[in-house]
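# Structure assessment
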Amino acid sequence: MEIIKSEKGKLTILTGKTDMGKSTITVYDASENLKIGKNVIFFSYEYCQSIIYNKLISHFQVGWSSLLRLNIVDAAKMNIHFLTEMVRSKKESVDVVYIDYLDLLREATFAEAKSEAETMKQIQSIIKELSELAKELNIPVILLSQVGAHSDFTNTVNELASFTETVKDNNVIKMFIGKANIIDSRINYDDIVHVILIDGYDLRHFSSVNIKEIYNH
């Protein structure tokens, strides 16, 4: 079951507020790729390897043979340049890359920003580099983010657009995870390819999933 929208050669940004389930959904997506024989690199800036392995084995029933195709990297304090070079060094044996998450990657890469404008430039720099990596290696790269998620969904749409202003060739997929009450018919959602609604609210051309149900999938 596809939850995260991804394509070869494209960067997917999945943004949402704290405790919306971004990491759980990402581990689930990784489990689906492992089960069909893909090689996965998972850069974790927050959770230790044992937590991720526990979710994969206990919740998502990933077999030991599939786990041999998984490389979980404890990425604490790893900057963007080291990360991208590690992926390039494994380009013959990687099919999909997950990065959890942008906020900590930015802190590991840059000095503390002195303004919101400087923070935005740092984010744009990282997103540009990751989108170029995805295109160069022709693999999907999935990046999680808390920044860019607002209570007012109009602001989220606008901020995600700002994140990708320096990216060429439109090779970024923008996603959002949130509760159903973020939906407003007055908002133009054209720039968000995929919306995950964690309470399972069904909305026409948007995909939705109840995060409580994926443990029993």
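Residues numbered from 1 in each chain as written. Predicted model: local features only at pLDDT ≥ 70, side-chain atom pairs only at ≥ 80, totals over all residues. Heavy atoms only, no water.

### Quick notes on the environment of phenylalanine 153
- Looking at where phenylalanine 153 falls in the secondary structure, it is placed in helix H7 (residues 153-163).
- Sequence separation of phenylalanine 153 and phenylalanine 176 is 23 residues, and the distance between their C-alpha atoms is 9.3 Å. (Helix = DSSP H or I, 4+ residues; strand = E, 2+ residues; numbered from the N terminus.)

### A closer look at the packing of aromatic side chains
- Inspection of every chain in the model, using the stated rule, returns two aromatic pairs.
- Centroid distance tyrosine 28 to phenylalanine 60: 5.3 Å. Interplanar angle 75°. Geometry classified as edge-to-face. Separated by 32 residues along the polypeptide, tyrosine 28 in helix H1 (residues 22-35) and phenylalanine 60 in the loop between helix H2 (49-59) and helix H3 (64-67) bring together distant segments of the chain.
- On the basis of relative accessibility, which here comes to 2%, the residue tyrosine 28 falls in the buried class.
- Note on phenylalanine 42 and tyrosine 98: the rings are 5.8 Å apart at their centroids and 25° apart in plane angle, and the pair reads as stacked. Taken together, the residues phenylalanine 42 in strand E2 (residues 40-44) and tyrosine 98 in strand E4 (residues 96-100) connect sequence positions 56 residues apart.
- Judged by its relative accessible area of 0%, tyrosine 98 falls in the buried class.
- Just above the ring of tyrosine 47 sits the side chain of lysine 55; from NZ or CZ to the centre is 5.8 Å. (Phe/Tyr/Trp six-rings, centres within 6.5 Å; stacked < 30°, edge-to-face > 60°. Buried < 20%, exposed > 50% of the residue type's maximum accessible area, 1.4 Å probe, protein only. Lys NZ or Arg CZ within 6 Å of the ring centre and 35° of its normal.)

### As for the environment of asparagine 171
- You can see asparagine 171 is positioned in the loop between H7 and strand E6 (172-178).
- Overall, asparagine 171 belongs to the buried group, its relative accessible area being 6%.
- Here the alpha-carbon distance between asparagine 171 and glutamate 7, two residues 164 residues apart in the chain, equals 9.1 Å.
- Within the structure, asparagine 171 has its side chain in polar contact with the backbone oxygen of serine 131 (distance 2.9 Å). (Polar contact = N/O pair within 3.5 Å; in protein donor to acceptor, adjacent residues only side chain to side chain.)

### Here we look at the side chain of serine 44
- With respect to the helices and strands, the residue serine 44 is situated in strand E2.
- The buried category is assigned to serine 44, whose relative accessible area is 1%.
- Among the polar contacts listed, one links the side chain of serine 44 to the backbone oxygen of tyrosine 47, at a separation of 2.6 Å.
- If near-sequence neighbours (up to four positions away) are discounted, serine 44 is found in contact with Ile52, Val73, Asp74, Ala75, Ala76 and Asp100. (Contact = heavy atoms within 4.5 Å.)

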